[in-house]
Amino acid sequence: MIAYLGRRVIQSLLILFGVSLITFALLYLLPADPVRQIAGRSATPETVENIRRQLGLDQPFVIQYWRYLINLLSGDLGRSYIQRSQVTELIASRLPASLLLMVGAIFCEVAIGLTMGIVAAVKRGTAVDQTLMVSSFVGVSAPQFVVGLLLLYLFSVKLGWLPIGGYGTWRHLVLPSLTLGVLGAGWYSRMMRSSMIDVLRQDYIRTARAKGLARRAILFSHALPNAILPVIAMIGIDVGIFMGGIVVVESVFGWPGIGQLTWQAIQRVDIPIIMGVTLVSACAIVIGNLVADIVAPFIDPRIKLR
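Calculation criteria
- Residues numbered from 1 in each chain as written.
- Predicted model: local features only at pLDDT ≥ 70, side-chain atom pairs only at ≥ 80, totals over all residues.
- Heavy atoms only, no water.
- Core = buried A, V, L, I, M, F, W, Y, C linked by side-chain atoms within 4.5 Å.
- Buried < 20%, exposed > 50% of the residue type's maximum accessible area, 1.4 Å probe, protein only.
- Helix = DSSP H or I, 4+ residues; strand = E, 2+ residues; numbered from the N terminus.
- Contact = heavy atoms within 4.5 Å.
- Salt bridge = Lys/Arg side-chain N within 4 Å of Asp/Glu carboxyl O.
- Expected span 1.5 Å × (residues − 1).
- Bend = angle between axes of the 7 residues up to and from the residue.
- Patch = residues over 30% accessible without salt bridge, like charges linked within 9 Å, V, L, I, M, F, W, Y side chains within 5 Å.
- Areas by Shrake-Rupley, 256 points an atom, 1.4 Å probe, with all protein chains shown as cover.

1. Observations concerning the nonpolar core
Move 1: By size, the foremost hydrophobic cluster in this structure holds 43 residues, and its most contacted members are Leu 175, Leu 180, Met 192, Met 196 and Phe 242.
Move 2: Of all the elements in the fold, those that place two or more residues in this core are helix 5 (87-122), helix 7 (144-158), helix 8 (170-200), helix 9 (203-210), helix 10 (215-227), helix 11 (229-243) and helix 12 (247-253).
Move 3: For this core, the leading source of residues is helix 8, giving 10 residues.
Move 4: Residues in contact with Phe 242, not counting those within four places in the same chain, are Met 102, Ala 105, Ile 106, Glu 109 and Leu 180.
Move 5: Counting residues in hydrophobic clusters, the runner-up holds 26 residues, among them Leu 57, Val 87, Ile 271 and Val 277.

Pasting the structure below:
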């Protein structure tokens, strides 16, 4: 276990290094000039060059990236060009809202997706199966803002059950979580259906049926623990996606998460914030996948960490 974790940590550090290098290079090659965003349109060329020199943006790419990497190793994500605050503080202030939305969204999409996938697998080839798979296809294809606005109109405007937007109580969390849950459930349902059908064809399932075990016991005690393994890996990926911010959903519901911070940074070419959010998202994906790999052997003892 310790050797496995050591190898995975080294691999994760290499991945994060690659992400930081590629992201920094792409931002360096952008035609947009962040100095112009800071100085304003009426700034003189001397002012622009002075700001560029103060920020170190007049240096070659290698020197700029080396300075950023050294600061990153000490936990410094830099200072926002526009907001003049530490990127670490800006991300930390938005992190609780993003974590809350992440938990709510993953719960909704897993609950909806697993239920649809299990029912579709059990009812394979029937009208129920076809209806659920068509619904999952519609779910993954629907734009986020369309689903969000429909849920707002139904539950907030027509029924008045939930607030239109904002942040602070569990009632504010329901609609954005449900929006992301409906959109993500389609992937989970299709994955769960395929995995469950494959497991139900295995010999040990036939043996369990021959022994006369109840259908519920076969599904939830024997089939589900094995069929759910691919879903755990998907959850690890979703952790990073949600941590990176869901810009559209956060904008529709006025959710003060990392997504809004990222969108504002992109509009203003605020490179330190874009880099910070990208690295936080990459760290979340790496950690999520590592946790998924560690949890998998406890669900299925046949899996070994190597």
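Next comes the rest of the description.
2. A few points about the environment of Met 234
Move 1: Assignment of secondary structure puts Met 234 in helix 11.
Move 2: Given the relative accessible area of 18%, Met 234 is considered buried.
Move 3: Residues Met 234 and Met 191, spaced 43 residues apart in sequence, show a C-alpha to C-alpha distance of 9.3 Å.
Move 4: Apart from residues lying up to four places away in sequence, Met 234 is in contact with Trp 187, Tyr 188 and Met 191.

3. A look at the pattern of salt bridges
Move 1: Here the structure, examined in full by the defined rule, presents 3 salt bridges.
Move 2: One salt bridge connects Asp 129 with Arg 193, and the closest N-O pair in it is separated by 2.8 Å. Of this pair, Asp 129 sits in helix 6 (residues 127-141) while Arg 193 is found in helix 8, placing the two residues 64 residues apart along the sequence. Residues Asp 129 and Arg 193 agree in their burial class; the two are buried.

4. Here's the deal with helix 7
Move 1: Taking 1.5 Å per residue as the helical rise, helix 7 with its 15 residues ought to reach 21 Å, and the 20 Å between its terminal C-alpha atoms agrees with that figure.
Move 2: Of all the bends found along helix 7, the most pronounced is centred on Leu 152 and spans about 25°.
Move 3: Here helix 7 has its buried residues at Val 147, Gly 148, Leu 151, Leu 152, Phe 155 and Ser 156.
Move 4: Tucked into the core, helix 7 has its buried residues touching helix 8 and helix 12.
Move 5: One or two residues past the end of helix 7 sits Gly 160, with phi positive at roughly 70°.

5. Looking at a nonpolar patch on the surface
Move 1: On the surface, Phe 145, Val 146, Leu 149, Leu 150 and Val 248 cluster together to form a nonpolar patch covering roughly 430 Å² of accessible area.
Move 2: Sort the elements by how many residues they give to the nonpolar patch and helix 7 lands first, with 4 residues.
Move 3: Mapped onto the elements, Phe 145 comes out in helix 7.
Move 4: Look at Phe 145 and you get partly exposed, because its relative accessible area is 44%.

Take it as geometry only, folks, not as evidence of what the structure does.
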